[in-house]
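# Fold and geometry: a report
Letter by letter, the chains look like this.
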Amino acid sequence: MHRAASLSLALLLGLLLAACGNVVVTPPGSDDMGGGDGQGETPPAAEYSVQYSPGPDHLVVLKADHELDRCVQLHAITPPEVRPGLDIETPEGWSANYVKITDRAADCEDAGGTSRGATLTAGAAGTLSWEPGPSTWVLCNLSVDVMVMSSEEPEAHHLLATGLSIGGDCP
């Protein structure tokens, strides 16, 4: 199957899952589209998912990095709270609440899931944005471009995805 057809199928499946409030897809514009060197298999791509809980509003963007076996979780809330070390631009009325890295990609299957050893990050910077959807619980075209740094890991984790949606009926 051609890469474009695979992406179209993945996006279609992601949109179908969106009605459940949890999207798992490797979207266009993500940093993990693979590329391969032609000398073996391409490592598994990272999967992004979004979870939303209304009242109080809590949004979680998850990146399951299967190559590094890490789950990076970005939690945002409204009403906003100021958190030191988090320089993440969010839509008005929202703020980044915390960012967490765990040592198992499988932890991204459930934002409240357990891990063998969760690592709270030292800091994060970037942007999280979206467009309002047709109802208050639907957020459309969610984009994330955030660098997450951990005091326990030498490399930063980059959350980079566009076109994620929560709920159905997004344009």
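For the structure itself, consult the block above.
Described in the following lines is the structure provided in the data block. All values derive from a computational prediction rather than experimental measurement.

Right, let's get into the sheet that holds strand β9 (residues 139-149). Spatially, β5-β8-β9-β10 is the arrangement adopted by the 4 strands of the open sheet, whose pairing is mixed. The open sheet is flanked by β5 (86-89) and β10 (157-166), the only strands paired with a single partner. For this sheet the average axis-to-axis angle between neighbouring strands, irrespective of direction, equals 10°. By the bridge criterion, 4 bridges tie β5 to strand β8 (residues 123-132) in an arrangement that is parallel.

One finds L59, L74, I88, L128 and L159 to be the most contacted residues of the largest nonpolar core, which totals 26 residues. Within the residue set of this core, elements represented by two or more residues are β2 (47-53), β3 (57-65), β4 (70-78), β5, β6 (95-102), β8, β9 and β10. With 5 residues, β9 is the single largest residue contributor to this core. Among residues more than four places away in sequence, those in contact with L74 are L59, V60, V61, I88, A96, Y98, V99, L128, V144, V146 and L159. Membership of the second largest hydrophobic core comes to 6 residues, among which are L62, A64, C71 and C108.

The rules behind these values
Residues numbered from 1 in each chain as written. Predicted model: local features only at pLDDT ≥ 70, side-chain atom pairs only at ≥ 80, totals over all residues. Heavy atoms only, no water. Pairing = 2+ DSSP bridges. Helix = DSSP H or I, 4+ residues; strand = E, 2+ residues; numbered from the N terminus. Axes fitted to C-alpha atoms, helices over the stretch in contact; angles between N-to-C directions. Core = buried A, V, L, I, M, F, W, Y, C linked by side-chain atoms within 4.5 Å. Buried < 20%, exposed > 50% of the residue type's maximum accessible area, 1.4 Å probe, protein only. Contact = heavy atoms within 4.5 Å.

Keep in mind these values describe shape, not function.
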